[in-house]
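Architecture and fold: a report
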Amino acid sequence: MVFRQASRLLAGSVRLSRRPFSTATEVPAATTTHTDSGFMESWTKVIPNIDPPKTPSHFMNPRPATPSSIPSKITVNFVLPYASELSTKEVDMVIIPVTTGQMGVLPGHVPTIAELKPGILSVHEGNDVTKYFLSSGFAFIHANSVADVIAVEAVPVDHIDPSLVQKGLTDFTQKLSSATTELDKAEAQIGVDIHSALNAALSG
């Protein structure tokens, strides 16, 4: 009962200002601090004997500022649900498989959010190129020359067995031709698409 009354009172005493949408990667610290301060002050007035709850900004680290000049390297974070493949790795370029094609990302790239498609992620560091096969996910390119690649599944290309890829492609192609329901067709088509992309990755 106390919390219901508090929520009604807080709704009337704390009025959040509407801010125009911005694509910038920095969140103004002053605005966040002002909103949190107003909330805390109102909470203390209404329920002085209970500590106020944490707001999302308590758990967020401030974003690094966008550099005034383009850096010589791009910083890559490449993570999976169960592992972190690359963390703050500074490289020359990264080529990401997205739904619109292969997206090359250099330092100073325009901020972008892109959906991944099955294909090769190439990480270029000098003369060394490390390649991973990705299944799906998203890529976030920030204005401060940081690229976050979040994939559902990934494997180094040199760990892929070509014979298993060919077998899988043959099996799913047969399943697609013999499928009788829309669900079977969809599952078989996904298998064909994945194994076709794997095959292209190995041959490329």
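Fair warning: this is a prediction, and the values are worked out from it, not measured in the lab.

Check the secondary structure of the chain and you find four helices and 10 strands. Walking the chain from its N terminus toward its C terminus, one meets helices and strands in the order α-α-β-β-β-β-β-β-β-β-β-β-α-α. When the 204 residues of the chain are sorted by exposure, 31% land in the buried category. Counting only contacts in the chain whose residues sit at least 6 apart along the sequence, the fraction spanning at least 24 positions is 51%.

Once that is clear, we can look at the nonpolar core. Phe 78, Ile 96, Leu 116, Leu 121 and Leu 134 are the most contacted members of the largest nonpolar core, which has 23 residues in total. Non-local contacts of Leu 121, meaning those with residues more than four positions away in its chain, are made with Phe 78, Val 94, Ile 95, Ile 96, Pro 97, Thr 130, Lys 131, Tyr 132, Leu 134 and Val 149. Core analysis: the next-biggest nonpolar cluster, separate from the first, contains eight residues, Ile 120, Ile 160, Leu 198 and Ala 201 among them.

Phi is positive for Thr 88, which is not a glycine, with a value near 45°. The residue Thr 88 is located in strand 2 (residues 83-91) in this model. With a relative accessible area of 55%, Thr 88 lands in the exposed category. A positive phi angle is found at Ser 145, which is not glycine, with a value near 60°.

Once that is clear, we can look at the pairing of strand 1 (residues 74-80). Burial within strand 1 is extensive, with six of its seven residues counted as buried. Of the pairings in the sheet, the one linking strand 1 to strand 2 comprises six bridges and is antiparallel in character. Residue Thr 75 lies in a different strand from strand 2, and its bridge partner there is Glu 90. In this structure, the hairpin formed by strand 1 and strand 2 is closed by a connection of two residues. In this sheet, strand 9 (residues 146-151) lies alongside strand 1 in parallel orientation, the contact comprising five bridges. By the bridge assignment for strand 9, Thr 75 is matched with Val 146.

Side-chain pairs of opposite charge can arise whenever the charged atoms involved come near each other. On inspection of all chains with the given rule, the structure shows four salt bridges. Put simply, Asp 92 and Lys 73 hold a salt bridge, and the shortest N to O gap is 2.6 Å. Of the two residues, Asp 92 is situated in the loop between strand 2 and strand 3 (93-98) and Lys 73 in the loop between helix 2 (29-46) and strand 1; the sequence distance between them amounts to 19 residues. Residue classification places Asp 92 among the partly exposed positions, given a relative accessible area of 27%. Note that Lys 89 is salt-bridged to Glu 125, the shortest N-O span being 3.4 Å. A residue pair is termed long-range when its members are at least 10 positions apart, and Lys 89 in strand 2 and Glu 125 in strand 6 (residues 119-125) qualify at 36 residues.

On to the packing of aromatic side chains. A complete count under the given rule lists one aromatic pair for this structure. Taking 5.1 Å as the distance between ring centres and 70° as the angle between the ring planes, the aromatic pair formed by Phe 78 and Tyr 132 counts as edge-to-face. Of this pair, Phe 78 sits in strand 1 while Tyr 132 sits in strand 7 (residues 128-134); the two residues are 54 residues apart in sequence, bridging distant segments of the chain. There is no split in this pair, since Phe 78 and Tyr 132 are both buried.

With 17 residues, helix 3 (residues 162-178) should reach 24 Å at 1.5 Å per residue; the first-to-last C-alpha distance of 25 Å fits that figure. Along helix 3, the positions that sit buried rather than exposed are Val 165, Gly 168 and Leu 169. Along the long axis of helix 3, the arc covered by the buried residues comes to 100°, so they all point the same way. Facing away from the buried side of helix 3 by more than 90 degrees, the exposed set consists of Lys 167, Gln 174, Ser 177 and Ser 178.

This prediction gives the chain a mean pLDDT of 81; 77% of its residues lie at or above 70. Considering only residues more than four positions removed or in separate chains, one finds that residues 9-34, a stretch of pLDDT under 50, has 22 contacts.

Reading the values: rules and limits
Residues numbered from 1 in each chain as written. Predicted model: local features only at pLDDT ≥ 70, side-chain atom pairs only at ≥ 80, totals over all residues. Heavy atoms only, no water. Helix = DSSP H or I, 4+ residues; strand = E, 2+ residues; numbered from the N terminus. Buried < 20%, exposed > 50% of the residue type's maximum accessible area, 1.4 Å probe, protein only. Contact = heavy atoms within 4.5 Å. Core = buried A, V, L, I, M, F, W, Y, C linked by side-chain atoms within 4.5 Å. Pairing = 2+ DSSP bridges. Salt bridge = Lys/Arg side-chain N within 4 Å of Asp/Glu carboxyl O. Phe/Tyr/Trp six-rings, centres within 6.5 Å; stacked < 30°, edge-to-face > 60°. Expected span 1.5 Å × (residues − 1). Arc of directions from axis to C-beta. pLDDT = per-residue confidence, 0-100.

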